[in-house]
Amino acid sequence: MEPQKPPPGPRRPEGCLVVAIRIPVRIVVLVLVVPVRMAWDALVVAGRFLRDTVLRPLGRALLWAGTALFVWPLVGLWRYVVVPLGRALGWLATVLLVVPAVWLYRRALTPLGHACAWLVRGVLAGLSWLYARVLAPLGHALARLLKGIGAVLAALGLGGCTALAWLARHLIALPAQWLYTWVLTPLGHAVAWCGRGLGRLLELLATGIGLVLYWTVRVLLVLPVLALWRRVLAPAGRLLVLVAREVGDALGHAWRIAGRISLAVGRALAVLFRWILVQPLRWVYQTVLTPVGHVVRDAVLRPAAAALRAVGRVSREALATARDTARQARADFRRLLLGEPRPPAAVDRREPPGPRTRTLGSSTTALTKD
């Protein structure tokens with residue numbers, strides 16, 4: 001749900017300048033908007049009439065024509081050509097591809113696969129025996145030999161690395177530490193102190209130059225632009241906003257008033273049209289055309305329709321008689337050539353027969369039944 005708007009507060013008092021601008025603007029806008037609104041309403045009425053009388057029937061006709069020219073032929077092509085052709089192609093594919101492929105798989109590929117599997121199982125069994133009896137003992141022996149050689153080489157490498165580490169410590173690390181502690185560190189401190197002093201000097205210079213530039217730009221550019229905005233542009237903008245708002249309000253009022261004027265003119269034209277054309281045509285239809293149509297319907301159309309129905313009934317009866325005669329003639333000719341048809345053989349449905357109907361000469365009791 002949309003949030004409710006707060007009720008409008010009391011309107012601010014308007015000055016004489018606003019009233020002096022509003023009245024002439026509304027008069028001029030009303031004079032200009034009334035013809036535009038009447039032309040717009042006339043175009044709307046014409047468009048609705050054109051839509052209801054021309055475009056909508058034309059669209060329906062085009063829709064029916066498109067359906068008759070495109071949809072129905074495509075549906076017929078799909079039902080009577082594509083679907084039977086697809087079924088025929090499916091049957092041919094089944095007969096020519098699937099059945100031979102199944103036969104080849106069952107009769108040739110399956111026995112060949114079983115033979116290949118048996119051969120592979122034999123080869124794998126031989127390889128497993130070779131690995132377990134020959135390759136595994138040989139690999140264990142080689143692993144023990146290589147482990148002993150590795151232990152000897154590791155002992156030699158550890159001794160060499162220890163000697164190299166002692167030489168690197170006493171020949172490189174200790175002299176480099178002494179040089180860093182007693183030479184490079186004091187030199188770096190001196191360079192850092194000089195850099196900090198130079199940075200402070202540059203900071204003071206940049207601050208002074210920035211203050212000078214700030215006040216120069218403020219006095220020469222900002223203050224004049226600010227005065228121009230406050231004294232000239234802002235009052236001119238307020239005046240333009242006031243004029244634009246009044247013009248917009250005037251357009252809204254003029255559009256609504258022109259709508260009512262256009263509605264009154266349209267109703268007057270509709271009344272004149274009804275008095276001049278519609279009522280005379282209705283009177284002619286009710287007093288002249290309707291009785292004539294009833295007379296034509298009762299005297300001509302209904303007897304003609306009854307005669308056509310009678311002719312159709314007689315034609316249907318004649319066609320039914322002709323069909324029965326032709327069917328009987330075909331049956332007599334078939335009986336003459338082939339003889340009487342054999343009666344259908346009785347089929348044992350394995351169902352218990354129903355009880356016979358009770359008569360006067362029979363009984364259903366255990367002592368007197370037949």
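Quick caveat: nothing in here was measured; it's all calculated off a predicted structure.

Asks: Looking at this structure, I do not really get the overall build of the chain. What am I missing?
Replies: When helices and strands are counted, the chain shows one helix and zero strands. Counting all 370 residues of the chain, 5% fall into the buried class. Once local pairs closer than 6 in sequence are excluded, the contacts in the chain between residues at least 24 apart make up 70%. Surface accessibility of the chain: about 33000 Å² in total, with carbon and sulfur atoms responsible for 73%.

Asks: Is there a simple way to explain the UniProt feature "transmembrane region" (unreviewed entry) in the chain in this structure?
Replies: Within this structure's numbering, the places UniProt gives as "transmembrane region" (unreviewed entry) are residues 20-40, 61-82, 88-106, 118-136, 148-167, 179-198 and 204-229. This span, residues 148-167, is 100% helix and 0% strand, and a straight line between its end C-alpha atoms measures 30 Å. In residues 179-198, the share of helix is 100% and the share of strand is 0%. The end C-alpha atoms are 28 Å apart.

Asks: Can you walk me through the packing of aromatic side chains in this structure?
Replies: The description of an aromatic ring pair rests on the distance of the ring centres and on the angle between the ring planes. Taken as a whole and judged by the stated rule, the model has two aromatic pairs. Taking the centre distance of 5.4 Å and the plane angle of 75° together, the rings of Tyr214 and Trp215 count as edge-to-face. Overall, Tyr214 belongs to the partly exposed group, its relative accessible area being 46%.

Asks: In this structure, what is going on with the pattern of salt bridges? I would like to understand it.
Replies: Should their charged atoms come close, side chains of opposite charge can pair. Evaluation of the coordinates by the stated rule reveals six salt bridges. With a closest N to O distance of 3.2 Å, Arg51 and Asp52 form a salt bridge. The class for Arg51 is partly exposed, based on a relative accessible area of 41%. A relative accessible area of 39% means that Asp52 is categorised as partly exposed.

Asks: Would you take a moment to explain the confidence of the model for the chain for this structure?
Replies: Segments scoring low in pLDDT should not have their predicted coordinates read at a detailed level. On average, residues of the chain score 81 in pLDDT, and 85% of them are at 70 or above. Taken together, the stretch residues 366-370 has pLDDT below 50 and engages in four contacts with residues farther than four places along the chain or on a different chain.

Asks: How should the nonpolar core be read in this particular structure?
Replies: Here is a general trend for soluble globular proteins: nonpolar side chains tend to be buried in one another's company. In terms of nonpolar packing, the biggest core is built from six residues, these being Val29, Val33, Val34, Ala250, Ala254 and Ala258. What Val33 contacts, discounting residues up to four positions off in sequence, is Leu251, Ala254, Trp255 and Ala258.

Asks: Any chance you could explain the side chain of Arg37 here in plain terms?
Replies: Examined against the element boundaries, Arg37 turns out to sit in helix H1 (residues 16-338). Discounting residues that sit within four places of it in the chain, Arg37 has contacts with Trp255, Arg256, Ala258, Gly259 and Ser262.

The rules behind the values
- Residues numbered from 1 in each chain as written.
- Predicted model: local features only at pLDDT ≥ 70, side-chain atom pairs only at ≥ 80, totals over all residues.
- Heavy atoms only, no water.
- Helix = DSSP H or I, 4+ residues; strand = E, 2+ residues; numbered from the N terminus.
- Buried < 20%, exposed > 50% of the residue type's maximum accessible area, 1.4 Å probe, protein only.
- Contact = heavy atoms within 4.5 Å.
- Areas by Shrake-Rupley, 256 points an atom, 1.4 Å probe, with all protein chains shown as cover.
- UniProt positions renumbered as here; feature names shortened; annotations may be inferred.
- Phe/Tyr/Trp six-rings, centres within 6.5 Å; stacked < 30°, edge-to-face > 60°.
- Salt bridge = Lys/Arg side-chain N within 4 Å of Asp/Glu carboxyl O.
- pLDDT = per-residue confidence, 0-100.
- Core = buried A, V, L, I, M, F, W, Y, C linked by side-chain atoms within 4.5 Å.

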